[in-house]
Each structure stands twice: as C-alpha cells, then as structure tokens.
Amino acid sequence: MGGAGLGLAAGCAVATCAIAAVMVGHRVRSRRRWGRAVALVREFEEASATSVGRLRQVVDAMAVEMHAGLASEGGSKLRMSLTFIDNLPDGSEEGTYYALDLGGTNFRVLQIQFSGKGSMILTHRVQRQPISQELMTGTREELFNFIASTLKQFVQREDDGIDQIPDVRKDLGFTFSFPVRQLSVSSGLLIKWTKGFSIKDAVGKDVAQCLNEAMLKTGLNMRVAALVNDTVGTLALGHYYDVDTVAAVIIGTGTNACYLERTDAIIKYQGLLMNSGDMVVNMEWGNFWSSHLPRTPYDISLDDESPNRNEQGFEKMISGMYLGEIVRRVLQRMAEESDIFPDAVQNLSVPFVLRTPLMAAMHEDGSPDLREVGRILEDHLKISGVSLKARRLLVRVCDIVTRRAARLAAAGIVGILKKIGRDGSAGVASGRTKGKPRRTVVAIEGGLYVGYSMFREYLNEAVAEILGEEVAPYVCLRVCEDGSGTGAAVLAAAYSSNR
Ligand code: ADP
Ligand code: MG
C-alpha cells in the first residue's frame, strides 16, 4: 500500500471514529433526555401521592371544615348553605311535574309523570335547547322570557291528555346551578354568574321570582315549587329511589356535594330554623382546601393563571374541567426538557387543548401498541412520531392525575360520612344499630364519574380502602343519572301545593 493509500485509510478511520463519537454522544444525550422525562414523571408521581394515611388526613380536614362552615358565616372555605329542603321524596310522589335545568352543558325542559308508589316513573320527556351567547350576556328579561316561552311551547306540545285538570296551576322544579343564597325552598338570590353567563341586572335578584313573572307574562299557569342546584336534585332523586341516601356528589365539569344534616347542627342559623329535624346542606365543596391535599407545581401554575385564583382549589384537582389541563402542563414540561415529544412544545403550550375526555381515551387505550394514544396525539394535538415508550409514559401521567383526583374525591365523600357519623369511626354515635353500621347510600352524578371508568374504579376502591373492610360493605355509591332534571321534578312533586 502506498503512502496516499495509508493516508486515505487513516482519514476514513478518523471520519468513522468521528461519526461513531457523534452517534454515541447523541445516544448518551438522548438517553439523558429520556432519563429527564422519566425523572419528571417520577417527581410528579411522588408529589401527587395519596397514601391511605394522607387520605384519612383529608377526611378529617373535610369534617373539620364542615363543622366550621356550619358554625359561622364565612367560617370556612366551605359555604355550607341552607337549601330549606327538609322533606326528601320517598317514592310515593304522584302526578305530572315539570322541571328546568339551567347551568349544565345543556338547558333542558322536562316533563315527568310519577306513578304514586314504588318509586316508579311512568313517562319522561325531555327537550334540550341551546342558550345563545347573546342570551348568556344579555338582560335578565331576555333570558327569562326565552326560558318561559321555551317551556310554554314544550307544555303545549307534550300536554296530550296527561293533564286532566288544565286550569290547575302546575308545579315546576327549577335547577339553577349557579351560586345562590337560598331564601326558602322556592326562592333564592343569585350571588354571581359562572360558566360563561354574565347578565348584570340579574345578580342579587330572586331567580325564581324572575321566572315566575316571565311565566305569568307568557300566560303559563305554572309556579316554581322548588329552586335547587344539580347536587340537591341528585340527592332528591337518590332518596326517591332509596331512602338510605344521605348525600349526593356531582363530578362532571365541576364538582360539588350536599348532604342531609341535623338542623340543630347548623349553628349559624339557629335563630332562623324553627323545626328540629333534618335539612339538606349545599356544601359548595369545590372550594374546599386543606394543606393535606397533595399539591404539585402544575396545580400551582394552573391556579395562578386561572381567572378565579385561590378559589375552587378542590375542584381544580378533581373535576373534568381541569384533569386534561393538568396532564397538558406535565407534558409541556416534559416536551421542554426532553425530546420525547418531537417538535411538540408549541402544540402543548395552548391551555386547555387537551380536554378530559381525550385524556380518558388515551388512559383507557387497551391496545398493546397504544394506537389510540398515537391517533389522538396526531389528530387533536398535531404531534406525530411519538415512540411507544413515550406513549407509555404519557399514559402513566394520565393515570397519576386521575388516580389522585378520584382518591381525593373519595376522601371528600368519607369526610361527609364522618361528619354525620356514618363512617364507622365512632361506635354507637356513628349510627350503628345492634353493633352493625347503618346502611348508607351516596348518590353520584356527572360525566367524569359516569363516563370515565378508570376514575370510577379508583374512587370506589379508595372509599372502600379508607372505610376498611368492616364498614365498607354498608356504604353504597349509587349512580343517579339526571338528578338535575328528574330530581328537580320529583322535588316539585314533594313540595307541590296540590299535594
Ligand atoms: P355538566 O357538568 O356540564 O353538567 P356532565 O355532568 O355531563 O355535565 O359532565 C361533563 C364533563 O364530564 C365534561 O366536561 C368532561 O370533563 C367530563 N366527561 C364527560 N365524559 C367523559 C369521559 N368519557 N371521560 C372523561 N371525562 C368525561
Ligand atoms: Mg350536570
């Protein structure tokens, strides 16, 4: 071999070495970046931990806050408001009643015929009606006139002989899922609008009276017999089917709970409440807060950037509005600090792009190659080329967020049971009869609980885990769909002036 040949060979060797060095360097860097992504998930998992010990602390904090909220106005982040509902339906309601549901995803009008015995519903008719942006931000008169005329058209269409005595005034259950200061079963003042509604001249007004006036104007012989929110409607419907139902929880876009309390425990209104017995208390538990809640930097930044900072802290860790957004925040950080989502930083930086149902679909992807995860990333987030192991890591993030949410909601539920002595922790005082705990039912509603089976399983499992095997068999979580519609109608029946 000549000198030139040697030189060429040496040159090639150097180049090969250089390429190899680049490749090794790349692989090392890539491994480091992968390691960074895994470390971020691990840190997040640790910060989100919900051991049963931690959950019991949340249970205690919930019960303590409930006491404080009942003791004085503003005594707790839990509003613990009166509903004046002291007579829950028991399955014996009879007749045809109407309901309106405003404040959920759809505005709905319902007509329901109750059989009079055995918790039986004979007919159930529903109409959904979108509320336009103009109505949501217009005037009080426009909104309530629209509601009344929609109801009138519905009544005229559906009243095919069911209504044998047309001149008798009909009773209506009005589910109005916005913050209200209740004045009686059938009246209450709007405290503020939420969920995109902003009708200034309605704030501070009695919304039942607004509706009654609009109905009178359209010539509808109808009256609001019960003004409630979706949680109270759910408790009423739960009780209609099963009289052991003592509490209701909504876990949908937002979250809230209510329960049956002894009136003598509602200390802040002792002067107001004459009769002894029970009354439904609306907790507004979305605003619950405790230092025992496992809060991560992602929760803090979500809260900081939200329009209602320092409010609805529990809701921001639990409800459908936020779970996808928490996942997005974790993924965004992973994209910034590793290379597992190629070129995705931009796409992941848009708040709320990852809706909770999509997150649920990725979490529940049962295919071995996580095909659905890949498809959702491509179709909805425009992120392609994500490796299988990165997709697995993403599923793990979804799991951490959902598991924490479900377990915290479970702790909240057991907190209510503890407050009313149904968690088995206080022997005889805990409602035990003949040494056995009393059967206790909690009605649950909402798209997150009903539609997301992993969430539901985690929640049910955690309730049993916190209660322990001796008490858990006596506590039943029962899905009670459409509490906000059917529940309001059955309350109208229970509080009907025609009864
Ligand atoms: P609302 O709370 O508006 O009355 P729902 O109770 O139906 O309505 O809850 C809807 C919310 O529940 C959605 O915003 C979404 O966050 C969540 N959700 C609905 N279906 C699913 C699902 N399959 N998986 C996960 N979350 C869901
Ligand atoms: Mg709802």
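Visitor: Now, about the site of ligand 1: what can you tell me, with residues and values included?
Guide: As a structural note, the neighbourhood of ligand 1 is formed by 13 residues, with Thr-105, Thr-253, Gly-320, Gly-447 and Gly-451 the closest of them. Here an oxygen atom of ligand 1 and a backbone polar atom of Gly-320 are 3.2 Å apart. Contact distances for ligand 1 include 3.1 Å between a nitrogen atom and a backbone N or O atom of Gly-451. Those elements that provide at least two residues to the shell around ligand 1 are α10 (356-363) and α13 (447-451). A per-class count over the shell around ligand 1 returns 4 nonpolar, 9 polar and no charged.

Visitor: Requested: an account of the packing of aromatic side chains, with residues and values cited.
Guide: Overall, the coordinates contain 16 aromatic pairs when judged by the stated rule. Ring geometry for Trp-193 versus Phe-197: centroids 5.3 Å apart, planes at 15°, classification stacked. Judged by relative accessible area, which is 11%, Trp-193 ranks as buried. Residues Tyr-240 and Tyr-241 carry aromatic rings whose centres are separated by 5.2 Å and whose planes lie at 75° to one another, so their mutual orientation is edge-to-face.

Visitor: Describe the sheet that holds strand β13 (residues 475-479), with residues and values.
Guide: Reading across the sheet, the 6 strands line up as β1-β11-β10-β9-β12-β13 and stay open at both edges, with mixed pairing between neighbours. Strand pairing shows two members of the sheet lacking a second neighbour, β1 (81-82) and β13, which therefore form its edges. Where strand β10 (residues 255-262) meets strand β11 (residues 278-282), 5 bridges bridge the pair, whose relative direction is antiparallel. Bridged to Tyr-259 within β11 is Val-281. With respect to the sheet, helix α14 (residues 453-467) is in contact with β9 (245-251) and β13, its orientation differing from that of β13 by roughly 165°.

Visitor: Before we move on, can you summarise the sheet that holds strand β2 (residues 94-102) with the specific residues and values?
Guide: Each strand in a sheet pairs with its neighbour through backbone hydrogen bonds, running either in the same direction (parallel) or in the opposite one (antiparallel). Taken in spatial order, the 5 strands make up an open sheet running β4-β3-β2-β5-β8, and their pairing is mixed. Edge strands, defined here as strands with exactly one partner in the open sheet, are β4 (121-129) and β8 (222-228). Going from strand to strand, the sheet's axes swing by 20° on average, the running direction of each strand aside. Where β2 meets strand β3 (residues 107-115), 8 bridges bridge the pair, whose relative direction is antiparallel. Paired with Gly-95 across the strands is Phe-114, a residue of β3.

Visitor: Pulling in residues and values, what's your account of the pattern of salt bridges?
Guide: Summed over all chains, the structure comprises 28 salt bridges. Asp-299 is paired through a salt bridge with Arg-404; the nearest N and O atoms lie 2.7 Å apart. Separated by 105 residues along the polypeptide, Asp-299 in helix α7 (residues 297-304) and Arg-404 in helix α12 (residues 388-419) bring together distant segments of the chain. We classify Asp-299 as buried; its relative accessible area is 6%. Relative accessible area serves as the criterion here: at 1%, Arg-404 is assigned to the buried category. Here Glu-325 ties to Arg-328 by a salt bridge, and the two come within 2.9 Å at their closest N and O atoms. Of this pair, Glu-325 and Arg-328 both sit in helix α9 (residues 320-337), 3 residues apart, which is roughly one turn of that helix. Each member of the pair, Glu-325 together with Arg-328, is buried. Within the structure, one salt-bridge network assembled from shared partners comprises Arg-36, Glu-43, Arg-333 and Glu-337.

Visitor: Please set out the environment of Asp-60 residue by residue, giving values where relevant.
Guide: Tracing the chain through its elements places Asp-60 in helix α2 (residues 52-71). On the accessibility criterion, Asp-60 (36% relative accessible area) is partly exposed. A sequence separation of 232 residues divides Asp-60 from His-292, and the C-alpha atoms of the two residues are 9.9 Å apart.

Visitor: Report on the environment of Leu-190, specifying residues and quantitative values.
Guide: Among the secondary structure elements, Leu-190 is positioned in strand β7 (residues 187-190). For Leu-190, a relative accessible area of 2% puts it in the buried group. Sequence spacing of Leu-190 and Ala-202 is 12 residues, and the spatial spacing of their C-alpha atoms is 7.1 Å. Leu-190 has contacts with Phe-176, Phe-178, Pro-179, Val-180, Ala-202, Val-203, Gly-204, Lys-205 and Val-207, leaving out every residue within four places of it along the chain.

Thresholds, definitions, all that
- Within each chain, residues carry numbers counting from 1 in the order of the written sequence.
- Going through the entries in the order they are written, you letter the chains from A and number the ligands from 1.
- Since the coordinates come from a predicted model, pLDDT governs what is reported: local features require at least 70, and pairs of side-chain atoms require 80 or more to be given and counted, while whole-chain, interface and lining totals use all residues.
- Values reported for side chains reflect all heavy atoms of the structure, with hydrogen atoms and water molecules removed beforehand.
- Proximity criterion: a residue is near a molecule or strand once any of its heavy atoms comes within 4 Å of it.
- Pairs of N or O atoms are called polar contacts if they sit within 3.5 Å, as long as, within protein, a hydrogen donor faces a hydrogen acceptor (for residues adjacent in sequence, only side-chain-to-side-chain pairs).
- By definition, any uninterrupted DSSP run of H or I lasting at least four residues is a helix, any uninterrupted run of E lasting at least two residues is a strand, and each is numbered from the N terminus.
- Residues are grouped as follows: Ala, Val, Leu, Ile, Met, Phe, Trp, Tyr, Cys and Pro are nonpolar; Asp, Glu, Lys and Arg are charged; all remaining types, including Gly, are polar.
- Aromatic pairs are defined between Phe, Tyr and Trp rings, using the six-membered ring for Trp, whenever the two ring centres lie within 6.5 Å; interplanar angles under 30 degrees are classed as stacked, those over 60 as edge-to-face, and all others as tilted.
- Buried means the residue's accessible area, taken with a 1.4 Å probe over protein chains only, is under 20% of the maximum for its type, while exposed means over 50%, and partly exposed covers the values in between.
- In this description, strands pair whenever DSSP reports at least two bridges between them.
- Every residue pair with non-hydrogen atoms within 4.5 Å of one another is taken to be in contact.
- The axes used here are C-alpha line fits, helices contributing only the stretch in contact, and every angle between their N-to-C directions lies in the interval 0 to 180 degrees.
- Each reported salt bridge corresponds to a side-chain nitrogen of Lys or Arg within 4 Å of a carboxyl oxygen of Asp or Glu.

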